[in-house]
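The chain contents come next:
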Amino acid sequence: MQNLDIKEQELLEAAKVATNNAYAPYSGFRVGAALRCADGSIVTGCNVENASYSLTLCAERTAIFKAISDGKLDFSAIAVYVDSDEVFPPCGACRQVIYEFSPNIPVIYGNRKGYTKTTIQELLPGAFSLSKG
Ligand code: THU
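Residues numbered from 1 in each chain as written. Predicted model: local features only at pLDDT ≥ 70, side-chain atom pairs only at ≥ 80, totals over all residues. Heavy atoms only, no water.

**What about the pairing of strand E5 (residues 115-119)?**
Next, step 1: Pairing analysis gives 5 bridges linking strand E4 (residues 106-110) to E5, with the strands arranged antiparallel. Note that in E5 the partner of isoleucine 108 across the bridge is lysine 117.
Next, step 2: As consecutive antiparallel partners, E4 and E5 are separated by 4 residues. (Pairing = 2+ DSSP bridges. Helix = DSSP H or I, 4+ residues; strand = E, 2+ residues; numbered from the N terminus.)

As structure tokens, this is what we get:
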């Protein structure tokens, strides 16, 4: 397990706090995400489910779309927290969306028991990309 610096710990904690707003009445799976933006600010997101299940938005994409729509395009790290004892890395759709804006970003994913620190390139080798070759 790689150690987290103080900023990364703060980011993971923000992701954990964001699980409090998860709207997950169908899965009961509470997820939070936190993005570190270039200006130092943190933008958070949670999963938002729907009775029409496929309309569900994951926490990571909620955070990224919130940040982008606020004009924040550069990110230096993303943390994801799942309120579970099991380890859950970001889903494939979220990996692709993270890659779109941050092809070198560190990704920290944690749960009640610990965390893993990796990179989006490790999670999504050979990513589909039109703009970055
Ligand atoms: N979920 C996320 O928020 N992020 C992921 O990377 C994987 C899955 C959410 C979507 C849904 O609300 C619940 O977890 C179960 O799939």
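**Examining the site of the ligand**
Next, step 1: Around the ligand sit Ser27, Phe29, Val31, Asn47, Glu49, Thr56, Cys58, Ala59, Glu60, Pro90 and Cys91, and those are all the residues in its vicinity.
Next, step 2: Within the contact set of the ligand, an oxygen atom lies 2.5 Å away from a side-chain nitrogen or oxygen of glutamate 49.
Next, step 3: A distance of 2.9 Å is found between an oxygen atom of the ligand and a backbone nitrogen or oxygen belonging to alanine 59.
Next, step 4: Its residues assigned to classes, the shell around the ligand comprises 6 nonpolar, 3 polar and 2 charged. (Near = heavy atom within 4 Å. Polar contact = N/O pair within 3.5 Å; in protein donor to acceptor, adjacent residues only side chain to side chain. Nonpolar A, V, L, I, M, F, W, Y, C, P; charged D, E, K, R; others polar.)

**Focus on the pattern of salt bridges**
Next, step 1: Under the defined criterion, the tally for this structure stands at 5 salt bridges.
Next, step 2: Between lysine 72 and aspartate 39 there is a salt bridge, with its nearest N and O atoms 3.8 Å apart. Pair noted here: lysine 72 is in the loop between helix H2 (59-69) and strand E3 (75-82) and aspartate 39 is in the loop between strand E1 (31-37) and strand E2 (42-46), with a separation of 33 residues, a long-range link.
Next, step 3: Of the residues examined, lysine 72 reaches a relative accessible area of 22% and is grouped as partly exposed. (Salt bridge = Lys/Arg side-chain N within 4 Å of Asp/Glu carboxyl O. Buried < 20%, exposed > 50% of the residue type's maximum accessible area, 1.4 Å probe, protein only.)

**Re the environment of aspartate 39**
Next, step 1: Using a relative accessible area of 55% as the deciding quantity, one classes aspartate 39 as exposed.
Next, step 2: Each C-alpha atom of the pair aspartate 39 and valine 17 lies 21 Å from the other, and the pair is 22 residues apart in sequence.
Next, step 3: A distance of 2.6 Å separates a polar atom in the side chain of aspartate 39 from a polar atom in the side chain of serine 41.

**Overview of the pairing of E1**
Next, step 1: Burial analysis of E1 places 7 of its 7 residues in the buried class, the great majority of the element.
Next, step 2: Of the two faces of E1, the one lined by Val31, Ala33, Leu35 and Cys37 and the one lined by Gly32, Ala34 and Arg36 are each fully buried.
Next, step 3: Two strands pair when backbone bridges link them, and E1 and E2 are joined in this way by 5 bridges, in the antiparallel orientation. In the sheet register, arginine 36 faces E2, and the bridge partner there is isoleucine 42.
Next, step 4: The hairpin formed by E1 and E2 contains 4 residues between the paired strands, and glycine 40 there has a positive phi angle of roughly 95°.

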